[in-house]
Amino acid sequence: TAKIYYDNDADLSVLKGKTIAILGYGSQGHAQAQNLRDSGCTVIIGQRPGSPNYDLAKSHGFEPMSAEEATKKADIINMLLPDEAQADVYKSCVQPNLKTGNVLMCSHGFNIHFNQVVPPEGVDTLLVAPKGPGHLVRSEYEKGGGVPGLIALGDTASDETRQIGLAYAKGIGATRGGVIETTFAEETETDLFGEQVVLCGGLSELIKAGFETLVEAGYQEEMAYFECMHEVKLIVDLFYEGGLNYMRYSVSNTAEFGDYSTGPRIITPETKAEMKKVLNEIQDGTFARNWILENKAGAARFKAIRRRERTHQVEEVGKRLRRLMSWIDAKEV
Ligand code: NDP
Ligand code: MG
Ligand code: MG
């Protein structure tokens, strides 16, 4: 069983007299910075000017500065930048300004695990990752709760760095929900696997394939949308509250029988074999190399696929239907 830390395992006074630099004021940056400040920590922001995030940091009462400046002034530096930008910002702004005894942090291990960011001797690495989007990290904290998180220590990290990590996790509210001890490898590999196979990749393709099958068979696109996209949330909410058992208790016996008889025809042994291949490619660095090279090529393929996916029929019909559902806080991006 995993080691899980709660509020009582962490001591915020470890961060007294230490300055924390949050590089990037995006989803995670704005949330972690404000939570830490509200927990009594000294926080400075490294955020480039000319972006809405710069103005946001100012409007929250911070005085954002360059990443170089923030690194120079800080004891603890957390790179809350997009994973694909971290290596460049690290090499040009962070590394030249690191001092012995600094702690270099992140909320996802991709760059450190795959050696895109290699800190000098005397600088420990530390991961504290909330298991939820930044805006929830902030809103849960404000309500007195917290999004659960993960903690991982780099190979050379000292016990003091562990205490810093636990205090940081407490400062952002994560120990209220529970913080699981993991490693850079485990966090990075399971995060990539989950988003590719189940959460983002698997689920999106499942929904699109189901929707297309109904529409191609001549059913109305609105019916296909409700059945294959909208209702996913209702089912997932049941999983979230009570697992598969609760979903199966709640749906009709007919739906439950169809679940058992048809589910294994959709997710087949071949699907699982492919999952194992995907996991291997994550573990052996193949996926990391592809993503790094993609970015070096200006993300040409990534942007082309993104453009095509944006106009899928399920998106067009969904946009129209969500506008009519007044209880949904419909988002258009
Ligand atoms: P965002 O995209 O929301 O924010 C990125 C921030 O970095 C912005 O302030 C942006 O500033 C700045 N930035 C982007 N590119 C550059 C660049 N080239 N040079 C300097 N600054 C740059 O990122 P996230 O908060 O989503 O992700 C941050 C980290 O947190 C990642 O490691 C991610 O994996 C991890 N994480 C994210 C979660 C999430 O829910 N989003 C959950 C758990 C972990 P500007 O406005 O100027 O572009
Ligand atoms: Mg991820
Ligand atoms: Mg039904």
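Residues numbered from 1 in each chain as written. Chains lettered and ligands numbered in written order. Predicted model: local features only at pLDDT ≥ 70, side-chain atom pairs only at ≥ 80, totals over all residues.

A. Structural context of the domain arrangement of the protein chain. Taken as a whole, the protein chain is organised into domain 1 (4–183) and domain 2 (193–324). The centre of domain 1, based on its C-alpha atoms, is set 32 Å off from the matching centre of domain 2. Contacts between the two partners involve four residues from domain 1 and, on the opposite side, four residues from domain 2. Taken together, the residues that form the side of domain 1 that touches domain 2 break down as two nonpolar, one polar and one charged. (Domains from an automatic or database assignment. Contact = placed C-beta atoms within 7 Å. Nonpolar A, V, L, I, M, F, W, Y, C, P; charged D, E, K, R; others polar.)

B. Structural detail: the sheet that holds strand β8 (residues 179–182). Strand order in the open sheet formed by eight strands is β1-β8-β7-β6-β5-β4-β2-β3, with mixed pairing between adjacent strands. In this open sheet, the two edge strands, each paired with only one partner strand, are β1 (4–5) and β3 (42–46). Looking at chain direction, strand β6 (residues 124–130) and strand β7 (residues 149–153) are connected through five bridges and run antiparallel. Across the sheet, proline 130 pairs through a bridge with glycine 149, a residue of β7. (Pairing = 2+ DSSP bridges. Helix = DSSP H or I, 4+ residues; strand = E, 2+ residues; numbered from the N terminus.)

C. Up close: the pairing of β7. In terms of burial, β7 is largely enclosed, as five of its five residues are buried. Residues of β7 alternate between two faces, with Gly149, Ile151 and Leu153 on one and Leu150 and Ala152 on the opposite face, all of them buried. Summarising the sheet, β7 and β8 pair through four bridges and their orientation is parallel. Its bridge partner being in β8, leucine 150 is matched across the sheet by isoleucine 180. (Buried ≥ 20, exposed ≤ 12 C-beta atoms within 10 Å, placed from the backbone.)

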